[in-house]
Amino acid sequence: VNPFAVLGIDESADDAAVRAAYLAAVRKSPPDRDPEGFRRIREAYEAVRDRERRLELSLFGPPPLDRLEQVLDALPAERRHVGPAPWLAVLQADHR
Amino acid sequence: MSKRDRHGSRAWSGGGTSGNGPQEWRGRVASLLAAGKTREALDTAKEWFKERRSPESEALLVDAYEARLRALTARGLYEEARELATRLRERFVAYRDRFAGVVRQSEMLGGKFETLVAELASTPPPRRGEMERILGRKLTDPGMLADSPLLPPNDPLRRGARAVADLFTAVTSGPLPDGALARLDEIPRQSPLAPWKLLVRALDAFYRRADAAVLANLSAIPAESGPARLVPVLRRLVGEGAAPDHRSLAVATLLDKVDGGRARLRSALKEVTRALETKSERAAVSAAQSVLSLLASAPVAVRRTFTASLFHQWVRLDLNPAALMRVLGRTSDPEVVRLAALAVEPTGAWDAALAMWDQYLAAAIAIGTLPARGLEPALILLHMVELFPADPREVWDLFDVESEEELRRLIHAKELPECFDRGRLLERALAAHPDSRVFRALVAHHDAREPKRANAEAERWRRAHPQELEPLLYLIRGAERRGSIRRALGLVAEAETLNRVHPEVRQSRFRLLLASAERRIKESKLPLASTDLDLVEREPRAGEGDHAAYLTALRWAIARKAKDAEAAAGLEGALAARTGNPVLNELILDSVSNAFGVEPPSPCRMPSPSETIDAVARGLDLFRGLERPLAVRPYRFTHVEGSVSRASAAQLHSLCLGGLWLPRPSLTYVASGQGLAVGGPLLHRFLLARGRVLGTAIGWEERERARQCLRAARALAGRARDQETVREASATLETLVSAHTFNPFGPADDERGELTPEAISSIIAAERGHRHLPHFEAPTASRKRRRRRRRQGDLLDDLLALIGGTP
């Protein structure tokens, strides 16, 4: 998955921004609690940690995914709290 | 015909009922009701009521209506039953209580909440069960039950409903505190609120991302219960099950609000995959458009990943990239061209990819997304250079030319785009940015074609990057090749100021001084040769291995050339003392005699097999390391090959490598076979040697054995952390595969896959069992003109026509 997307940074981010995003992501997915997430973050960081690597990636990347559905992995898997109304609306709409 | 006629009551009436007495009418209605024909019974009762409006006929009509209402209710037509009963209550005032009961029952059964709850409140426990079951089916908001004034505040159902309603609101509004769900424990499993309890637990698990618990709770919710309608939605949200009904606005709104459209994106992505699987280009384009619109607000990196992956699959399936390029934007859009070029590369259509990169570069520079000078264009030009086949003849074959010059003439005459001139691309890269990588590629490009030009480029490289060792090392090797030893030694001195401990720098001075000494011996400049040897002997490498023995042999050659027999005899004795092996003395002196044209001494008589093995192994190590030819009398090899069982593992390894270097494949084959039989820590190296030598054998079976040995060598070396062997095995394997198969997507899966320990053991056992020497005679190389190897029909023409380039 595109390392920029994993770290949630823009392709124009500099070394400091990349490092800050990496540390923030590791805080969210520390290796002891989320080893898979940590591995992905670490790989992403290694791929974009300096200008040269970012340049290579922007010119010759991103690597293609094996399955298109893997695009979802790059998007934050949101589970928003939206209150009871939309949930009840489904029950009542179907009921009507 | 009216409904009544159709149902036949008229026929009965017309059949002579007129004049029938009440008994007959009642009997007829009763029999119809008993047969379940409530409509016909009602029609008959109406008939009699019309004919004779009497209290008796009215009572019969009310009975028929009541039966009809119950029939409607039984069929689930609650609303119809309720409306009819309401009208009947007004019409038959005397019987309104009978109809009121039916109305209440219809409302209750039809899910009219207030009626149901009121009934529930006034019904004693034994009959309450049925109503609770109805409530369980109809309850779509536990808050209504919790707030209903019809139930007493301390009613367990109302208390449970309050708990469920509160927790449902809380769990959908934010994270629940620990232990919050304990309130649900009061609700019994038989309660109409039990499905709600499960739903709240599923929601809590959903927001805690405990998807297994979500599915477990959902699976326990009865399908006919009120909350069951949320089961497919929640399943969808955790990525399980089929998509729920998206035609429902409420469902779509909920999904979008909760997961930010992720579920819809997943469905759309699956649509694209399905369309690609069936190679339905139009459907795939349409589905891809849906995905792109859903990704409109996603980060650029995500959109780009999708587009790149889609392109990759598209081209791999041999679909027309032009259709996709049109969907993705303007076909001249550099980004679209770049992604298309990247997708085309793995198909083997290097020429199409090259032309597209050239197009991308021009377009991106024109619109300012890439600078005209700098590292970016240089890297792209280098990438383009790397797309060329390693063998220049493949390029010539593609364009039907016989030489580089002919190709350049076509390019000069504008019959071919300039991007097909590798040298010109490198010049452009250098002009864009004089990066070391560009210099390295430029020097490598000219090295095989024009050594002088390569040397000049290395000089430019050295001037542009004076702190880099690599151009100096190239210049040292070049000077050595040309015989300019003094110049090379000067360059070594410069290299030593940059990095004295670099292995090549450390070895260069020894190698150059040795070369100088040898040249002076050949030129019979014997005093100068002796001086050089004095210098060589001061180098640290002079003390390594049997180097000192070789230097003694050179001094012996000087003495022989100077016809100083006494000195030569003394040096022969010194050499014997140094090597401790008369056969090794023979090998060294024979080799030196061959190189400098002096008479060799007489061969060693009757050496033991161990002495011969030791001598050949050491001699191979020495001369391979010095890159000097080793002269071995053929019977010595025969002796060694016949007695390898006496060799140590280290000697076997030396014989394996020496056999590959000479080349004498039989020596490597026999020594590696013995090495595999012995086993030990060098096992992976013996497998590598076996694989390499089998790779030179004639026959598919041997090549397959070579492949297996190399894979096993790589796997074992990886475990032994011997990276050099891993690299060598991978490189040999790649050469072996690419030489005999065409695979546009790289090595097959089984090439990349790791062998199991059992598979490795089986390969080793099989090799130990092979006793016969394969045929190693190399086939005569013949150059056959290869035609354009294209997976994609007219891909280059199609794409270039689309992006406006010229093939």
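Source: prediction; values computed, not measured.

Participant: Could you give me a rundown of the side chain of Thr 668 of chain B, with the residues and numbers involved?
Facilitator: Residues and elements named next belong to chain B. Within the secondary structure layout, Thr 668 lies in helix α38 (residues 665-678). Judged by its relative accessible area of 0%, Thr 668 falls in the buried class. If sequence neighbours within four positions are ignored, Thr 668 has contacts with Leu 655, Cys 656, Gly 659, Leu 660, Ala 689 and Val 693.

Participant: Could you give an account of the packing of helix α27 (residues 451-464) of chain B against helix α28 (residues 469-482) of chain B, with specific residues and numbers?
Facilitator: All names here are of chain B. Their axes nearest at 9 Å, the elements α27 and α28 cross at an angle of 150°. Regarding α27 and α28, the two cross each other, and that crossing is left-handed. Residues Ala 454, Asn 455, Ala 458, Glu 459, Trp 461 and Arg 462 of α27 form the contact with α28, whose own contacting residues are Glu 470, Pro 471, Leu 472, Tyr 474, Leu 475, Gly 478 and Arg 482. Residue composition of the contact of α27 with α28, by class: 7 nonpolar, 2 polar and 4 charged.

Participant: Hey, could you go over the nonpolar core for me, with residue numbers and the actual values?
Facilitator: One finds Leu 7 of chain A together with Leu 655 of chain B to be the most contacted residues of the largest nonpolar core, which totals 194 residues. Those residues in contact with Leu 7 of chain A that sit more than four places away from it in its chain are Val 18, Ala 21, Tyr 22, Ala 25, Ile 41, Ala 44, Tyr 45 and Val 48 of chain A. Within the second largest apolar cluster, 52 residues are counted, among which are Leu 145, Tyr 207, Val 214 and Val 231 of chain B.

Participant: Report on the packing of α38 of chain B against helix α39 (residues 683-694) of chain B, specifying residues and quantitative values.
Facilitator: Residues and elements named next belong to chain B. Put simply, α38 and α39 touch, their axes get as near as 9 Å, and they point 150° apart. For α38 against α39, the interelement crossing comes out left-handed. Mapping the contact onto sequence places Pro 665, Thr 668, Tyr 669, Ser 672, Gly 673, Gly 675 and Leu 676 in α38 and Leu 683, Phe 686, Leu 687, Ala 689, Arg 690, Val 693 and Leu 694 in α39. Across the contact of α38 with α39, the residue classes break down as 9 nonpolar, 4 polar and 1 charged.

Participant: Please provide a residue-by-residue account of the pattern of salt bridges, values included.
Facilitator: Counted under the stated rule, the structure contains 61 salt bridges over all chains. Note that Arg 428 of chain B and Glu 418 of chain B form a salt bridge whose closest N and O atoms lie 3.9 Å from each other. Residue Arg 428 of chain B is located in helix α25 (residues 422-432), and its partner Glu 418 of chain B is located in the loop between α24 (404-412) and α25; the two are separated by 10 residues in the primary sequence. For Glu 418 of chain B, a relative accessible area of 36% gives the class partly exposed. Across the salt bridge formed by Asp 614 of chain B and Arg 618 of chain B, the nearest N and O atoms sit 3.1 Å from each other. Note that Asp 614 of chain B and Arg 618 of chain B are positioned in helix α35 (residues 609-626) at a spacing of 4 residues, about one turn of the helix. Overlapping salt bridges, with partners in common, bring together Arg 42, Glu 46, Arg 49, Asp 50 and Arg 53 of chain A in one network.

Participant: With reference to specific residues and values, describe the side chain of Thr 38 of chain B.
Facilitator: Locating Thr 38 of chain B in the fold gives a position in helix α4 (residues 38-51). Only 3.0 Å separates the side chain of Thr 38 of chain B from the side chain of Arg 68 of chain B, close enough to count as a polar contact.

Participant: Can you tell me about the packing of aromatic side chains, naming the residues and giving the values?
Facilitator: Residues and elements named next belong to chain B. In the structure shown here, the tally under the stated rule is 13 aromatic pairs over all chains. Among the aromatic residues, those joined into a cluster by ring pairs are Trp 350, Phe 388, Phe 399 and Phe 420. The cationic tip of Arg 690 hangs over the ring face of Tyr 669; the distance from NZ or CZ to the ring centre is 3.8 Å.

Participant: Which residues make up the confidence of the model for chain B, and what values go with them?
Facilitator: Residue and element names in this part refer to chain B. The share of residues in chain B with pLDDT of 70 or more is 89%, and the mean pLDDT across the chain is 87. Confidence over residues 1-16 falls short of pLDDT 50; this stretch has 23 contacts with residues more than four positions distant or in other chains. Between residues 740-749, whose pLDDT stays under 50, and residues either more than four places distant or in other chains, the model counts 12 contacts.

Participant: Report on helix α40 (residues 700-719) of chain B, specifying residues and quantitative values.
Facilitator: Every α-helix winds through 3.6 residues per turn, so residues three or four apart in the chain are directed the same way. Under the 1.5 Å per step criterion, the end-to-end length of α40 of chain B is 29 Å for 20 residues, consistent within 8% with the ideal 28 Å. Directly after α40 of chain B, the chain includes Arg 721 of chain B, whose backbone phi takes a positive value near 55°.

Participant: If you had to explain the interface of chain A and chain B to someone new, which residues and values would you point to?
Facilitator: Contact with chain A, which involves 43 residues of that partner, is made by 66 residues of chain B. Contact between chain A and chain B buries roughly 4,800 Å² in total, counting both sides, with carbon and sulfur atoms accounting for 66%. When residues of chain A are sorted by the area they lose upon contact with chain B, Leu 68, Arg 79 and Trp 87 of chain A head the list and together hold 19% of the total. Measuring nitrogen to oxygen at the nearest pair gives 2.8 Å for the salt bridge that ties Asp 211 of chain B to Arg 79 of chain A. Counting across the interface, chain A meets chain B through 15 residue pairs in polar contact (both at pLDDT 80 or more). Counting only elements with at least two residues in the side of chain A that touches chain B, the list comes to α1 (3-7), α4 (51-60), α5 (71-74) and α6 (85-95) of chain A. The residue makeup of the side of chain A that touches chain B, split by class, is 24 nonpolar, 7 polar and 12 charged.

Participant: Could you give an account of unusual backbone geometry, with specific residues and numbers?
Facilitator: Here the residue pair Gly 61 of chain A and Pro 62 of chain A is connected by a cis peptide bond, since its omega of 0° sits within 30 degrees of zero. With respect to the element layout, Pro 62 of chain A can be found in the loop between α4 and α5. Pro 663 of chain B follows Leu 662 of chain B through a cis peptide bond whose omega is -5°. Of note, Pro 663 of chain B is situated in the loop between α37 (649-661) and α38. In this structure, Lys 414 of chain B is a non-glycine residue whose phi angle is positive, near 65°. Residue class for Lys 414 of chain B comes out exposed when judged on its relative accessible area of 75%.

Participant: Can you explain helix α31 (residues 526-538) of chain B? Please cite residues and give values.
Facilitator: Across its 13 residues, α31 of chain B extends 19 Å between first and last C-alpha, which sits within 8% of the 18 Å expected from 1.5 Å per residue. In this fold, the buried residues of α31 of chain B make contact with α29 (485-498), α30 (503-522) and α32 (547-561) of chain B.

Definitions and limits used
Residues numbered from 1 in each chain as written. Chains lettered and ligands numbered in written order. Predicted model: local features only at pLDDT ≥ 70, side-chain atom pairs only at ≥ 80, totals over all residues. Heavy atoms only, no water. Helix = DSSP H or I, 4+ residues; strand = E, 2+ residues; numbered from the N terminus. Buried < 20%, exposed > 50% of the residue type's maximum accessible area, 1.4 Å probe, protein only. Contact = heavy atoms within 4.5 Å. Axes fitted to C-alpha atoms, helices over the stretch in contact; angles between N-to-C directions. Left-handed = near helix turned anticlockwise from the far one by under 90°. Nonpolar A, V, L, I, M, F, W, Y, C, P; charged D, E, K, R; others polar. Core = buried A, V, L, I, M, F, W, Y, C linked by side-chain atoms within 4.5 Å. Salt bridge = Lys/Arg side-chain N within 4 Å of Asp/Glu carboxyl O. Polar contact = N/O pair within 3.5 Å; in protein donor to acceptor, adjacent residues only side chain to side chain. Phe/Tyr/Trp six-rings, centres within 6.5 Å; stacked < 30°, edge-to-face > 60°. Lys NZ or Arg CZ within 6 Å of the ring centre and 35° of its normal. pLDDT = per-residue confidence, 0-100. Expected span 1.5 Å × (residues − 1). Buried area = accessible area lost by both parts, 1.4 Å probe.

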